[in-house]
Amino acid sequence: MTDLGQRLADTGYALGWSVVKRLPEPVATAAFRRIADLVWRRRGGGVLQLEANLRRVVGPDATPEQLRALSREGMRSYLRYYQEAFRLPVWDRETVLARMECDLTLLDECSARGKGVIFALPHMGNWDHAGAWITLKGYPFTTVAERLKPESLYKRFLDYRESLGMEVLPLTGGDGNTFGTLARRLREGRLLCLLSDRDLTAGGVPVTFFGERTRMAAGPAALAVQTGAALIPVTLPWDGRVVRGTLHPEIEVPAEGTRREKIAVMTQRVADAYARGIARAPQDWHMLQPLWLADLDQRRLARIGEAK
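Residues numbered from 1 in each chain as written. Predicted model: local features only at pLDDT ≥ 70, side-chain atom pairs only at ≥ 80, totals over all residues. Heavy atoms only, no water.

1. Thoughts on the overall build of the protein chain
Within the protein chain one finds 12 helices and 10 strands. Of all 308 residues assigned to the protein chain, the portion counted as buried reaches 50%. Taking all contacts inside the protein chain whose residues are at least 6 apart in sequence as the whole, residues at least 24 apart take part in 75%. Roughly 14,900 Å² of accessible area belongs to the protein chain as shown, and the carbon and sulfur atoms make up 53% of that amount. (Helix = DSSP H or I, 4+ residues; strand = E, 2+ residues; numbered from the N terminus. Buried < 20%, exposed > 50% of the residue type's maximum accessible area, 1.4 Å probe, protein only. Contact = heavy atoms within 4.5 Å. Areas by Shrake-Rupley, 256 points an atom, 1.4 Å probe, with all protein chains shown as cover.)

2. Some points on the packing of aromatic side chains
Tallying each qualifying case throughout the model produces 9 aromatic pairs. Relative to Trp285, the ring of Phe209 has its centre 5.9 Å away and its plane inclined at 75 degrees; by these criteria the two rings are edge-to-face. Within this pair, whereas Phe209 is found in strand S6 (residues 205–209), its partner Trp285 is found in the loop between helix H11 (259–280) and helix H12 (298–303), the two being separated by 76 residues in sequence. Note on accessibility: Phe209 and Trp285 belong to one class, buried. Ring centres 6.1 Å apart and planes at 80 degrees place the aromatic pair Trp285 and Trp292 in the edge-to-face group. Judged by relative accessible area, which is 1%, Trp285 ranks as buried. Trp292 sits in the buried class, given a relative accessible area of 0%. An aromatic cluster of three or more residues is present, and its members are Phe32, Tyr78, Tyr81, Tyr82, Phe86 and Trp127. The ring of Trp238 has Arg80 sitting right over it, with the charged end atom 3.5 Å from the ring centre. One residue, Arg99, lies across the ring of Trp91, its end atom 4.7 Å from the ring centre. (Phe/Tyr/Trp six-rings, centres within 6.5 Å; stacked < 30°, edge-to-face > 60°. Lys NZ or Arg CZ within 6 Å of the ring centre and 35° of its normal.)

3. Description of the pairing of strand S8 (residues 230–235)
Successive side chains on a regular strand alternate, one facing one side of the sheet and the next facing the other. Counting buried positions along S8 gives 6 out of 6 residues, so the element sits mostly inside the fold. Side-chain alternation along S8 places Ala230, Ile232 and Val234 on one buried face and Leu231, Pro233 and Thr235 on a second face that is also buried. Examined bridge by bridge, strand S2 (residues 117–121) and S8 share 4 bridges and lie parallel to one another. Looking across to S8, one finds that Ala120 is bridged to Pro233. (Pairing = 2+ DSSP bridges.)

The quantities given are spatial measurements derived from coordinates; they are silent on function.
Right, dumping it as structure tokens:
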């Protein structure tokens, strides 16, 4: 993004947090739905990539009409995320709690071991709302955020998420040892929530996802291997009334193999859990960027060591 683009994004988010939260909710809902439909009709790069990604989810038998209808619902879900993000700071406790449901029995069982718990999440639904909800349920947690540019935009997101009760560590910068800090939080018996469905870098772990090759973040599995913490994939579909958080079965550390091999096996199992959750509600998976290696150009593939 250019410097001008970064400044415009910063200004847009500032206006969103200052204006949208003051609108009556029906007005905000209608406005963001209209924006979503307008963006969808323009068929820009993000919408086309969303459709390419959703085609992998629903399979080759989906008709063009079905795929376009799904991508329209996907854009509405994506814009609903921003609408709620701009309004979350003024939601009261009752509203935050009433708009999400999730059985936390598995979290309690794993927390009782005293080694910490890692929630691994895809970019699905409203993870900020889920974070506020689980904090109000009595489970403070730590997460990691990409260091956006300009710095003022990163600071806005940092302040926003910290206002919801999260401890937020920068993906880059900071004290230079984010992984070590996360490991310490787990050894203290705390909860981590980490987005991990896209890591197209040389450090990403190769996985098969909906039948095609891509890479996902190694962090959740690496932390589980190092600390003994429980690794639980979580998906966040919206049923039209509430977010229905789903805790998938714990992914245990394999008994055999090198550290690298264990991380690879566990990350693939995380990908499999994501696929099950996304397949049930593909419209709520907010992936408007290239994800599969087949969609990357040779220059990008070379940077991650996947060039032909």
